[in-house]
Amino acid sequence: MASVTHEDDVKETDVVDMRERKRRCTDVIFFFGLIAAWFCMTIVGFIVCGVIKDKSLPSGDPAKLSSPVDYLGHTCGYHSSVENKPYGYYMANTAVVCVKDCPSENDYTKFFCHYDLQSDVDGSYYKGYTYVETFSCMYKIKTKVFFNRCVPDTNVQNALNEAKKYASATNETLSDSSSYATSNDSMSWFNTFIADVCYLRGYIFGFGIGIATAVSFLYLYLLRIPGLLFTAIWSVIISIMVLLFVGSWLLWSLANTWSTDGVHGKNEIITMRVFAYFGIIMTVLYVCVIVVLRSRIQLAIGVVKQASRAMTAMPSVILLPIIQTFGVTCFLAVWVVYVFYLASSGEIVTETTTKAGISYSYRTYAYTKNSKYAFLYLLFCWFWTSEFIIAAGQLIIALSFASWYFTRDKSTVGNTNVIWAFRTTARYHLGTAAFGSLIIAIIKTIRAVLAYIERKAKKSGNKIAQYIICIISCCLWCLEKCMKFLNKHAYILTAIYAYSFCKACRRAFFLLLRNILRVAAVNMVASFLLMIGKLFAPVFTTFLCYLAVAYGAPQVGTTGIIAPLILCFVLAYWISGMFSEMFGMGIETILFSFIADEEMYKVEDRFAEAELMSTLQKTAQAHKASKAGTKVHQVHITASKVNFFAVDIMKVFVFVW
């Protein structure tokens, strides 16, 4: 019934019912390795939290991270000189002094001062007004405690005016202390923002999440309308070609105008003509690429339509990012606690630096070698876990879309297909997700280490080391992008054929090479559509929210709508981005399913729907006609070879692009 045209491909021919085919667990050892990594991370976390005592790794106290630092660089409540003063009180210039308690009432005859002046001012309080001018003292203002800081809990400007009255009674004159007023204005803006968001929360979340989801679904549904996608794609392709040509012509025309006006110099004219030549070259290359990809672009349009049908048939797939977010949140809830305890386990060291003749004191932490290794290990665990969650999601999407494609009666496919994909991934392929994510995590960890070494090299001024590290970092960045691209397609082959990770990577690599022009065309079309959708949904949703808020919501409890609209746009952009990521993975899955279908089955046995099959047959007929023409006109064999060579060159260009 079926035939395999490539020895490098799978020999299996029965993917008729993916939901009933036998699968085996793939790369199980790597999933157990991930569990072991989580267990070791827990042990490290218990040690730094003090649950398990170990002298080789000191425990921490996160309260030190949030404790204020005074003007001398001492941590309030921890340094020996201010051990009994856990709170920070702000001077007019926002410098901090450590105090025992935050004042609960305004008292303009009592002051908090620099430590060497405190006793002097306590003996003669009127001196405090003089020291306020030099930002060495500040009278007591009603405050509330916030993260061990005394934050003003009164109208600061009114308090300053009252303080001036007290100062004038002692024949002292105070200037405006604007630092506090500015700080208060910032707090007022923040409070206003929170109040507006709380008052309009129904509109923000209703439009930002609910309406944005509906608009994103509507956008995907519109892609199914006959002729709409074809018209949009080719209009953009032709528009880009026209813009390149017109832009090049305008540059050349402007260069000719400058050459005769006697105003512009020779270098300016040459520069303009160089850009004109460059534009002409880019126009020619662009036209060549479109000529080579013209049939593949038609195929890409058909693939995108298939992916749109698949996603609208399985709407529950949009819940996947929510599940992924929940998983990341659960991991972060524990991981962040461990990181905070580890970050506070170092010894506080006060350092002084001088800039523009002014000395500044600041605190830093000195860590043991074991603590640094613990930091690195926690970072590696974060990279591996986050990439594992992403990989598992990609596998679920690939299984959902692939099983939809390899179903004869697609009307029977619905939300239960997503549940099956989730269950299948959890039972058989979490090891493959762990393997692929491990590779990305290792690369990211090496890049993090190089970034740390590069920072050290900058401090030492070693330029050669900086250049070498920069080159290696760029190579690793490219490697990470390539591996993510290859991993994604390996997951698709795992979904279709139940391959292990290494086998899937190898087959995916050669499959990409054999179909590089198709992949390039699909990626070009998909990137354009995803970009439009990613912008259309949040802009349209925010506009609807504006109409509802400006003309429908009562304005009594709000001071402005800009901030709520911005938050609505951010939420809608996140929703549209979620759809774009899933839809992009779905498009890649449909493409690979189509290629597998084409290579494994005869025309009458394929799973492609009528529209996609029609596009395929037109492409095949054109290819056969080209071959027939070559056989008839043997005298043009040399020209034909040159033509094939040109196409190969174009393939290389497209692959690099």
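The residue count restarts for each chain, going from 1 along the sequence in the order it is written. The model is predicted, so local features are restricted to residues of pLDDT at least 70 and side-chain atom pairs to those at 80 or more, both for listing and for counting; the totals for chains, interfaces and linings are taken over all residues. Side-chain measures here rest on the full set of heavy atoms in the structure, leaving out hydrogens and waters.

(A) Region of the structure containing the packing of aromatic side chains. By convention, a stacked pair of Phe, Tyr or Trp rings (six-membered ring in the case of Trp) has centres within 6.5 Å and planes under 30 degrees apart, an edge-to-face pair has planes over 60 apart, and any other such pair is tilted. A complete count under the given rule lists 20 aromatic pairs for this structure. For the ring pair F30 and F435, a centre distance of 3.8 Å and an interplane angle of 10 degrees mean the geometry is stacked. Residue F30 is located in helix 1 (residues 28–49), and its partner F435 is located in helix 12 (residues 415–460); the two are separated by 405 residues in the primary sequence. Under the relative-accessibility criterion, F30 is labelled partly exposed at 24%. Each residue gets one of three labels from its accessible area relative to the maximum for its type: buried under 20%, exposed over 50%, partly exposed in between, using a 1.4 Å probe on protein chains only. Taking the relative accessible area as the measure of exposure, F435 reaches 13% and is therefore buried. Clustering of aromatic rings is evident, with ring pairs tying together F30, F435, Y491 and F501. Over the aromatic face of W252 sits the side chain of R273, whose NZ or CZ is 5.3 Å from the ring centroid. Labels follow the DSSP assignment, with helices taken as runs of H or I lasting at least four residues and strands as runs of E lasting at least two, numbered in each case from the N terminus. Charge-over-ring placement is defined geometrically: NZ (Lys) or CZ (Arg) within 6 Å of the ring centre, and within 35 degrees of the ring normal.

(B) Structural view of the confidence of the model for the chain. pLDDT measures the predictor's confidence residue by residue and takes values from 0 up to 100. On average, residues of the chain score 78 in pLDDT, and 79% of them are at 70 or above. Within the chain, helix 1 carries the highest mean pLDDT (94), whereas helix 18 (residues 637–656) carries the lowest (40). Low pLDDT (under 50) marks residues 629–657, which in the prediction has 13 contacts with non-local residues, meaning those over four places away or in another chain. By definition in these notes, contact holds between two residues if any of their heavy atoms fall within 4.5 Å.

(C) Region of interest: the pattern of salt bridges. By convention in these notes, a salt bridge is any Lys or Arg side-chain nitrogen within 4 Å of a carboxyl oxygen on Asp or Glu. In the structure shown here, the tally under the stated rule is three salt bridges. Of the charged contacts in the structure, one is a salt bridge between E387 and K444, with a shortest N-O distance of 2.9 Å. Of this pair, E387 sits in helix 11 (residues 369–405) while K444 sits in helix 12, and the two are 57 residues apart along the sequence. We note a salt bridge from R447 to E480, for which the minimum N-O separation is 2.7 Å. Linking R447 in helix 12 with E480 in helix 13 (residues 463–497), this pair joins segments that are 33 residues apart in sequence. Judged by relative accessible area, E480 falls into the buried class, the value being 3%. Salt bridges sharing common partners tie together R447, E480 and K484.

(D) A look at the sheet that holds strand 5 (residues 143–146). A pair of strands is labelled paired if DSSP reports no fewer than 2 bridges between them. An order of 2-1-6-5 is seen for the four strands of this open sheet, with the pairing classed as mixed. Looking along the sheet, the strands with just one partner apiece sit at the ends: strand 2 (96–99) and strand 5. Sheet twist, expressed as the mean angle between neighbouring strand axes with direction ignored, is 40 degrees. Pairing analysis gives four bridges linking strand 5 to strand 6 (residues 149–152), with the strands arranged antiparallel. Residue pairing for strand 6: T143 is matched across the bridge by P152. Helix axes use the C-alpha atoms of the stretch in contact, all axes being lines fitted to C-alpha atoms, and the angles between their N-to-C directions lie in the range 0 to 180 degrees.

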